[in-house]
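Structural characterization, general
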Amino acid sequence: TAVGKSIPHDSAVGHVTGAASYIDDLPCRVDELFVGFVGSPVANGTIKSIDISKAIDAQGVACVLTSKDVGPHNIFGPLFCDEPFLADKELLYVGQPVVVIAAETEQALAEARNLVTIEAEPENPIFSIDDAIASEHFIGPTRRIKRGHPIKAIAGATHQLSGEFRIAGQEHFYLESQAAVAFPGEQNQLVVHSSTQNTTEIQTMVAEVLGLSMHQVVCICKRMGGAFGGKETQAVIPALMASLVAQRTGRAARIVYDKDTDMCVTGKRHPYRCNWHVGFESDGTIVGLKVDFFSDGGSAADLSTSVMERTLLHAENAYYIEDIEINGRVCRTNFPPNTAFRGFGGPQAIASMENIIERVAEKLKIDSLDLRLINVYGDTDRNVTPYGQLYTGNHLTEIMTTLAETSNYRDRIAGLDQKNKNDSLRLHGITMTPVKFGISFTTKFLNQANALINVYTDGTVQVSTGGTEMGQGLNTKIRQLVADEFGIPFPSVIVMPTSTEKNNNTSPTAASAGTDLNGAAAVDGCRIIKSRLANFAAELLASPKDGLIPSPEHIAFTDGMVRDRRQPNAGMTFAELTRKARMERIDLGARGFYKTPGVDFNRETGRGNPFLYYTQGAAVAEVSIDRFTGELSVERVDLLMDIGKSINPKVDMGQITGGFIQGMGWVTAESLVYDDGGRLLTHSPTTYKIPAITDLPIDFRCAMFPNDDNLHCVRRSKAVGEPPLMLGIAVWAAVKNALTYLPSEKDPNLKLPATGEEILRCLTEMEC
Ligand code: MTE
Ligand code: LUZ
Ligand code: MOS
């Protein structure tokens, strides 16, 4: 069988040789135009005038388009229709698209962009959560989840602490920038190739904005060069630009953002402010918690309210807190709309909770792991979440105690005081943080998928689903699942490019549920075909003279053969069976479908079962910081993740280690710096520092927690994509822990990320 084996990612060779093709690798059609745009010069204001006359007359320019060319439906959005495609009056962030230009060559395009002038009447912009709150600029209402009487519980507790915690954003830094190529067809039809996590979203938005019907638009995505949530909604604008040009000119149109443009104009992980009050007993039991989250949503809703919803649903992270109130509000500011990013509001929630845990541990002078184990969710009681979902399949205590042993946590902690006393140059810290991440879209209807299975008469199979490949290995896993269903070799199955022509009404490949949903739909499709084939094979394998009349249940599909289980020597190859089936006019194609059972969440009451199950894990990080410069070194990291029975252990290990490092980058290094006009200054790898190979933990160990109890998912697997990102928080918490070894009693309220500058600030504040 293929499932459970570490089959290499099916584009691994292509990725490293360059043979794997991305949007900009599509061959140019002879009539193709290059598309670009000119964006808003100000972060907030109104358009006084747009002068495109010089650009129109420039050599090699095919067309210059503004909102006037878009038609009545110049507005879109995944949840709320509140985001203009091309700004018509109001300007809401620097770089917001205003003018679209199409030219014969990239050179001509670059020149024409400089010939456009946009005159704006600037207004006072809002660049911070605090300013947005002060001027009551919000997106959507306050959302709340509440259980019991937290204010009373906090007041009645032996100890209280409160604080304000600041969390910054994060750039996705996918390698392939936002890109699309649109081909016009007959009768107003369009084929749009897009680097998108969500082909249906592109199809829908292109149809709506261009005034077409959905059946006139096909969206195709072969693969993305990374997405990380940044292409869940934000592939729409470039796809609209290419489509608009294709529709207006009748020519093929290509747009590929350069890296700087991409970083400047696309949304990021939401910055947060978190105000918290906690009450706890002297043994460490947390009895009450109240948290108010404010996120920076940017200038339009995008997915911000949904992201905030996931924040509320992860505010307690791994801990049972009887009396709890969690509030969340999205702020409107003059930045590009912030969007999905691996973890989707979960990372901010979990970092906030782990900050509180570190503070409580410091106050009580008890080991933070002991504190965590006192408060962690129980198995038989203390196992209901604040929103009323029973937490089943909880292995947190086992995971944390196992990891404590394998990482030698207790001995290392015991030695830490001495280590810090002996080292006058560096401060050392160690912390373990757990993660419990809910799997399912919290928007119920998105928890569905369909699959198209084509079986050919040489015994090979093509699978198509709405799932998109962004490097995470979805296609490899689906191939493994389908190969096993038919009992045929892995190479006999190919996953085809995602296209709305084959799979309609699809959900984004997101929420880590790509395999859970699309894998299950593919298996369903295979079983439909298998049941037809089993009936037919039973007829073929009947051997009345031996008294053996097989019924379909006796038919097995294994090792490329189709056999009667009771007469293993009689049988035929899968290929032979498919040929005979065709001759007998048996349908060798099917469409599978899957919908997640049982999930339901009531937004108004803040109660329900939003998740099918949880993926869980823990990380121990040891860091050292330079006492004089704040420079950070990650000395050792041990990860332990429960991802059920892995469909592909090495691909999943790549997800775990990669996710962790991406999280570590967010909490320690990556820093978005804007000038006071709201222009992003760190818009390229020279100034925006994602983790490099030299930033890896010096000693990096990663293991999977053996668990085969997840009956919810295909082959007892579990979602893996996002949860490991939140293990990166352990590195931040370890920095915080290191600072507690300074003699000062003061808490410097370390912000996230703990960059060198931020650590230095804390060191300086604590020394005086
Ligand atoms: N891994 C790679 N290599 N590239 C990506 O863009 N995106 C992550 C994760 N792992 C991503 C990735 C995010 S945000 C999600 S939601 C999941 O993959 C989506 O894929 P899955 O549901 O198939 O795991
Ligand atoms: N997208 C979404 C997501 O629409 N709903 C979700 O719950 C979600 N979770 C994670 C990532 N994307
Ligand atoms: Mo991932 S943020 O769900 O695309």
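Residues numbered from 1 in each chain as written. Chains lettered and ligands numbered in written order. Predicted model: local features only at pLDDT ≥ 70, side-chain atom pairs only at ≥ 80, totals over all residues. Heavy atoms only, no water.

Quick look at the site of ligand 1 now. Near ligand 1 you find 16 residues, and of these Ala227, Phe228, Met470, Gly514 and Gln655 are the closest. A distance of 2.9 Å separates an oxygen atom of ligand 1 from a polar atom in the backbone of Phe228. Between ligand 1 and Gly514, the relevant distance is 2.6 Å, taken from an oxygen atom to a main-chain nitrogen or oxygen of the residue. Burial of ligand 1 by the surrounding chains reaches 92%, relative to a free accessible area of 530 Å². Here the residues of the shell around ligand 1 are counted per class, giving six nonpolar, eight polar and two charged. (Near = heavy atom within 4 Å. Polar contact = N/O pair within 3.5 Å; in protein donor to acceptor, adjacent residues only side chain to side chain. Areas by Shrake-Rupley, 256 points an atom, 1.4 Å probe, with all protein chains shown as cover. Nonpolar A, V, L, I, M, F, W, Y, C, P; charged D, E, K, R; others polar.)

This part covers the site of ligand 2. With respect to spatial proximity, the complete set of residues near ligand 2 consists of Glu232, Ser306, Arg310, Phe344, Phe441, Thr442, Leu446, Ala510, Ala511 and Glu722. Glu232 is positioned such that a nitrogen or oxygen atom in its side chain is 2.8 Å from a nitrogen atom of ligand 2. Across the complex, the protein chains shield 97% of the 290 Å² of accessible surface that ligand 2 would expose by itself. Among the residues forming the shell around ligand 2, the class breakdown is five nonpolar, two polar and three charged.

Turning our attention to empty space enclosed by the protein. Here the structure, examined in full by the defined rule, presents five cavities of 30 Å³ or more. Considered as a void within the structure, the largest cavity measures approximately 130 Å³ in volume. For the largest cavity, the lining is made up of 15 residues, of which Glu83, Tyr93, Gln234, Ile237 and Val265 are closest to its centre. Class assignment for the residues of the lining of the largest cavity results in nine nonpolar, four polar and two charged. (1 Å grid on protein atoms, 1.4 Å probe; cavity = no way out; pocket = protein on both sides within 12 Å on 5 of 7 lines; lining within 4 Å. Points joined across faces, edges and corners; volume = space filled by probe spheres on them.)

Attention shifts here to the side chain of Asn737. Structurally, the position occupied by Asn737 is in helix H19 (residues 729–739). Only 2.9 Å separates the side chain of Asn737 from the backbone nitrogen of Ile430, close enough to count as a polar contact. Here Asn737 is in contact with Glu358, Leu416, Gly429, Ile430 and Thr431, once residues within four sequence places are set aside. (Helix = DSSP H or I, 4+ residues; strand = E, 2+ residues; numbered from the N terminus. Contact = heavy atoms within 4.5 Å.)

Moving on, we get to the nonpolar core. What tends to happen in soluble globular proteins is that the nonpolar side chains get buried as a cluster. Formed by 147 residues in total, the largest nonpolar core has its most connected members in Phe293, Val461 and Phe486. Sorting elements by how many residues they give to this core places helix H16 (residues 514–540) first, with 11 residues. There are two domains that each give this core at least three residues, and those are domain 2 (365–441 + 607–767) and domain 3 (448–595). In this structure, Val461 is in contact with Ile453, Asn454, Val455, Val482, Phe486, Ile488, Ser492, Val493, Ile494 and Phe574, ignoring residues within four places of it in sequence. By size, the runner-up hydrophobic cluster in this structure holds 40 residues, among which are Ala180, Met205, Leu210 and Val236. (Core = buried A, V, L, I, M, F, W, Y, C linked by side-chain atoms within 4.5 Å. Buried < 20%, exposed > 50% of the residue type's maximum accessible area, 1.4 Å probe, protein only. Domains from an automatic or database assignment.)

Let us look at the environment of Leu427. The residue Leu427 is located in strand E18 (residues 426–439) in this model. The sequence separation of Leu427 and Asp626 amounts to 199 residues, and the corresponding C-alpha distance is 6.5 Å. Among all residues touching Leu427, those that are not within four sequence positions of it are Asn420, Val623, Ser624, Ile625, Arg627, Ala738, Tyr741, Leu742 and Leu763.

Here we take up the environment of Val455. On the secondary structure map, Val455 appears in strand E19 (residues 448–455). With residues up to four places along the chain from it excluded, the contact list for Val455 reads Thr460, Val461, Phe486, Ile529, Phe574, Thr578 and Leu588.

To continue, consider the domain arrangement of the protein. As assigned here, the protein comprises domain 1 (27–125 + 172–265), domain 2 (365–441 + 607–767) and domain 3 (448–595). With 18 residues of domain 1 at the interface, the matching set in domain 3 holds 16 residues. Across the domain 1/domain 3 interface, buried area totals approximately 1,300 Å², and carbon plus sulfur atoms make up 51% of it. Joining domain 1 to domain 3, the criterion identifies zero salt bridges. (Buried area = accessible area lost by both parts, 1.4 Å probe. Salt bridge = Lys/Arg side-chain N within 4 Å of Asp/Glu carboxyl O.)

Now for the packing of helix H11 (residues 368–375) against helix H12 (residues 396–406). It is the contact of H11 with H12, at a shortest axis distance of 10 Å, that shows an interaxial angle of 160°. Relative to H12, the element H11 is oriented roughly antiparallel. In terms of crossing hand, the pair formed by H11 and H12 is left-handed. Listed contacts from H12 to Leu369, Arg372 and Leu373 of H11 are Thr397, Met400, Thr401 and Ala404. Looking at the contact of H11 with H12 residue by residue, the class counts come to four nonpolar, two polar and one charged. (Axes fitted to C-alpha atoms, helices over the stretch in contact; angles between N-to-C directions. Parallel < 35°, antiparallel > 145°, perpendicular 65-115°, else oblique. Left-handed = near helix turned anticlockwise from the far one by under 90°.)

In this section: the sheet that holds strand E26 (residues 589–595). With mixed pairing, the four strands of this open sheet are ordered in space as E21-E20-E19-E26. What marks the edges here is a single partner per strand, and that holds for strand E21 (493–495) and E26. Pairwise comparison of adjacent strand axes, ignoring direction, gives a mean angle of 20° for this sheet. One ladder, built from seven bridges, connects E19 with E26; its direction is antiparallel. Within E26, the position partnered with Leu452 by the bridge is Arg591. Those strands touched by helix H15 (residues 474–486) are E19, strand E20 (461–465) and E21, and its axis lies near 145° from that of E21. Sheet strands touched by H16: E19, E20 and E26. Its angle to E26, the strand with the most contacts, is close to 140°. (Pairing = 2+ DSSP bridges.)

Turning to its location among the elements, Asn334 is positioned in the loop between strand E17 (323–331) and helix H10 (346–364). Judged by relative accessible area, Asn334 falls into the buried class, the value being 8%. Reaching out from Asn334, the side chain makes a polar contact with the backbone oxygen of Leu92 at a distance of 3.0 Å.

Turning to the sheet that holds strand E30 (residues 632–642), a few remarks are in order. Read across the sheet, four strands follow the order E18-E29-E30-E31 without closing on themselves; strand pairing throughout is mixed. Edge positions in the open sheet fall to E18 and strand E31 (699–704), since each of these has one partner strand only. Sheet twist, expressed as the mean angle between neighbouring strand axes with direction ignored, is 10°.

Attention shifts here to the packing of aromatic side chains. Following the criterion strictly, the structure yields 15 aromatic pairs and no others. Both rings, one in Phe37 and one in Tyr257, keep their centres 5.5 Å apart while their planes meet at 50°; by these two values the pair is tilted. Placement of the pair is Phe37 in strand E1 (residues 33–39) and Tyr257 in the loop between strand E14 (253–256) and helix H8 (259–265), with a sequence separation of 220 residues. A relative accessible area of 5% means that Phe37 is categorised as buried. For Tyr257, a relative accessible area of 6% corresponds to the buried category. Centroid distance Phe486 to Phe574: 5.2 Å. Interplanar angle 40°. Geometry classified as tilted. Taken as a pair, Phe486 in helix H15 and Phe574 in helix H17 (residues 574–583) lie far apart in primary sequence, 88 residues in all. Residue Phe486 is classed as buried on the basis of its relative accessible area, which comes to 0%. Members of the aromatic cluster, each reached through a chain of ring pairs, are Tyr320, Tyr377, Tyr387, Tyr391, Phe601, Phe611 and Tyr614. A cation over a ring is seen here: Arg329 above Phe138, with NZ or CZ 3.9 Å from the ring centre. (Phe/Tyr/Trp six-rings, centres within 6.5 Å; stacked < 30°, edge-to-face > 60°. Lys NZ or Arg CZ within 6 Å of the ring centre and 35° of its normal.)

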